[in-house]
Amino acid sequence: MARIRIDREGTGPPLVLVHSLLTDARAFDPVAPRLRANFELHRVWLPGFGTSEPLAEPSPSLFHIADALAEALEAGGITGRDLAVLGNGFGSFVCVALAVAHGDLFGPLIVANGGAAFSTERRAAFTTMSDLVSNLGMGAVVEVAVRRIFTAEYLAAHPEAVGERRDVLLEIDPGSFAASCRALRDMDLRPHVGAIGNPTLVIAGGADTTTPPEMGAELAALVQGAEFARIDNCGHCPPLENPTAFCEAVEDFLARKLSA
């Protein structure tokens with residue numbers, strides 16, 4: 001199983017942050033200063049990102065990746081009912097699988113821009129990205145990836161974001177990226193999420209075209225007692241695009257669930 005790097009900072013109740021497919025752990029840079037004032041942050045680098053080991057399995061499931069994350073959390077002593085786990089995008093699907101298979105390791109679950117299953121059309125997009133990267137490398141998906149992360153309005157106001165994301169994407173291990181695309185394409189968590197007993201918040205970006213709000217709403221309806229929050233005019237990565245609204249949603253939820 002791939003060894004996973006986890007960076008620690010801040011003080012307070014522990015909060016695990018798991019990044020999306022098109023970013024890495026640095027995607028939480030805009031929210032880290034605020035969150036680490038009240039939480040001990042544990043930023044995860046998924047397999048093939050940063051110095052985490054690449055995926056050895058060519059066709060891993062989300063549960064394989066969640067098992068590797070569970071192993072890393074246990075090895076680091078990062079467990080307990082006061083531990084909250086938050087994932088964005090790809091990371092959110094991994095965290096949902098983690099809650100299904102290893103929900104006893106932690107308390108609250110926050111799913112940002114996720115869901116339970118993709119439509120046929122969106123599954124095809126993952127096949128396309130996997131094939132492009134397998135044949136041509138990470139550079140082949142840079143332009144389309146940037147536009148899957150942000151809204152057009154955000155990119156117009158922040159043209160530097162294209163170059164920043166390009167630099168991040170080019171550092172990702174192509175084999176791990178392609179395998180992760182296939183894991184997302186093939187997943188269907190709907191038969192499993194009813195087993196989740198963790199207090200759960202699902203956050204959706206109102207303008208997210210990769211994991212649109214209806215995907216998050218479907219997941220929230222399938223998880224008993226889950227809450228649903230929508231950040232309007234926001235794309236696939238709220239920590240980058242709307243860090244203030246993202247932090248407010250996270251802090252409000254955890255203030256209620258960790259004190260319960």
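Residues numbered from 1 in each chain as written. Predicted model: local features only at pLDDT ≥ 70, side-chain atom pairs only at ≥ 80, totals over all residues. Heavy atoms only, no water.

A. Summary view of the pattern of salt bridges. Inspection of the entire model under this criterion finds 17 salt bridges. Across the pair Asp 29 and Arg 43 runs a salt bridge, and its minimum N-O distance is 2.6 Å. With a gap of 14 residues between them, Asp 29 in the loop between β2 (14–18) and α1 (32–35) and Arg 43 in strand β3 (residues 40–45) connect regions that are remote in the sequence. Linking Arg 256 and Asp 252 is a salt bridge whose minimum nitrogen-to-oxygen distance equals 3.1 Å. (Salt bridge = Lys/Arg side-chain N within 4 Å of Asp/Glu carboxyl O. Helix = DSSP H or I, 4+ residues; strand = E, 2+ residues; numbered from the N terminus.)

B. The arrangement of the packing of helix α4 (residues 120–136) against helix α8 (residues 174–186) in detail. The contact between α4 and α8 brings their axes to 8 Å, and the two run at 165°. Comparing the axis directions of α4 and α8 gives the class roughly antiparallel. Relative to α8, α4 is oriented so that their crossing is left-handed. On α8, the residues that touch Arg 123, Phe 126, Thr 127, Met 129, Ser 130, Val 133 and Ser 134 of α4 are Pro 174, Phe 177, Ala 178, Cys 181, Arg 182, Leu 184, Arg 185 and Asp 186. A class-by-class count of the residues in the contact of α4 with α8 yields 8 nonpolar, 3 polar and 4 charged. (Axes fitted to C-alpha atoms, helices over the stretch in contact; angles between N-to-C directions. Parallel < 35°, antiparallel > 145°, perpendicular 65-115°, else oblique. Left-handed = near helix turned anticlockwise from the far one by under 90°. Contact = heavy atoms within 4.5 Å. Nonpolar A, V, L, I, M, F, W, Y, C, P; charged D, E, K, R; others polar.)

C. Spatial organisation of the sheet that holds strand β4 (residues 84–88). Here 7 strands make up an open sheet; going across it, the order is β1-β3-β2-β4-β5-β6-β7 and the pairing mixed. Edge positions in the open sheet fall to β1 (5–9) and β7 (227–231), since each of these has one partner strand only. Shown here is a sheet whose adjacent strand axes are inclined to one another by a mean of 20°, direction ignored. With 5 bridges joining them, β2 and β3 adopt parallel strand pairing. Note on β3: the bridge partner recorded for Val 16 is His 42. Strands β5 (109–112), β6 (200–205) and β7 of the sheet are contacted by helix α9 (residues 213–222), whose axis makes an angle of about 165° with β7. (Pairing = 2+ DSSP bridges.)

D. Representation of the pairing of β5. On β5, burial covers both faces: Leu 109 and Val 111 on one face and Ile 110 and Ala 112 on the other are all buried. Sheet analysis places β4 next to β5, joined by 4 bridges and oriented parallel. When the bridges of β5 are listed, Leu 86 appears paired with Ile 110. Note that the unit made of β4, helix α3 (residues 90–102) and β5 has a crossover that is right-handed. With 4 bridges joining them, β5 and β6 adopt parallel strand pairing. Bridging from a neighbouring strand, Leu 109 pairs with Thr 200 of β6. (Buried < 20%, exposed > 50% of the residue type's maximum accessible area, 1.4 Å probe, protein only. Right-handed = clockwise from strand over helix to strand, strands pointing away.)

E. Here's a closer look at the packing of helix α5 (residues 142–149) against helix α7 (residues 160–169). Packing of α5 against α7 brings their axes to within 10 Å, and their N-to-C directions diverge by 120°. Crossing hand, α5 versus α7: right-handed. Listed contacts from α7 to Val 142, Glu 143, Ala 145, Val 146 and Ile 149 of α5 are Val 162, Arg 165, Arg 166 and Leu 169.

F. Region of the structure containing α4. The terminal C-alpha atoms of α4 lie 24 Å apart, and with 17 residues this matches the ideal 24 Å at 1.5 Å per residue to within 8%. Two residues or fewer past α4, Gly 137 is found with a positive phi of approximately 90°. (Expected span 1.5 Å × (residues − 1).)

G. Seen up close, unusual backbone geometry. The phi dihedral of Asn 113 is positive, around 60°, even though this residue is not glycine. Mapped onto the elements, Asn 113 comes out in the loop between β5 and α4. Given a relative accessible area of 0%, Asn 113 falls into the buried group. Within the chain, Asn 233 stands out as a residue other than glycine whose phi angle is a positive 55°.

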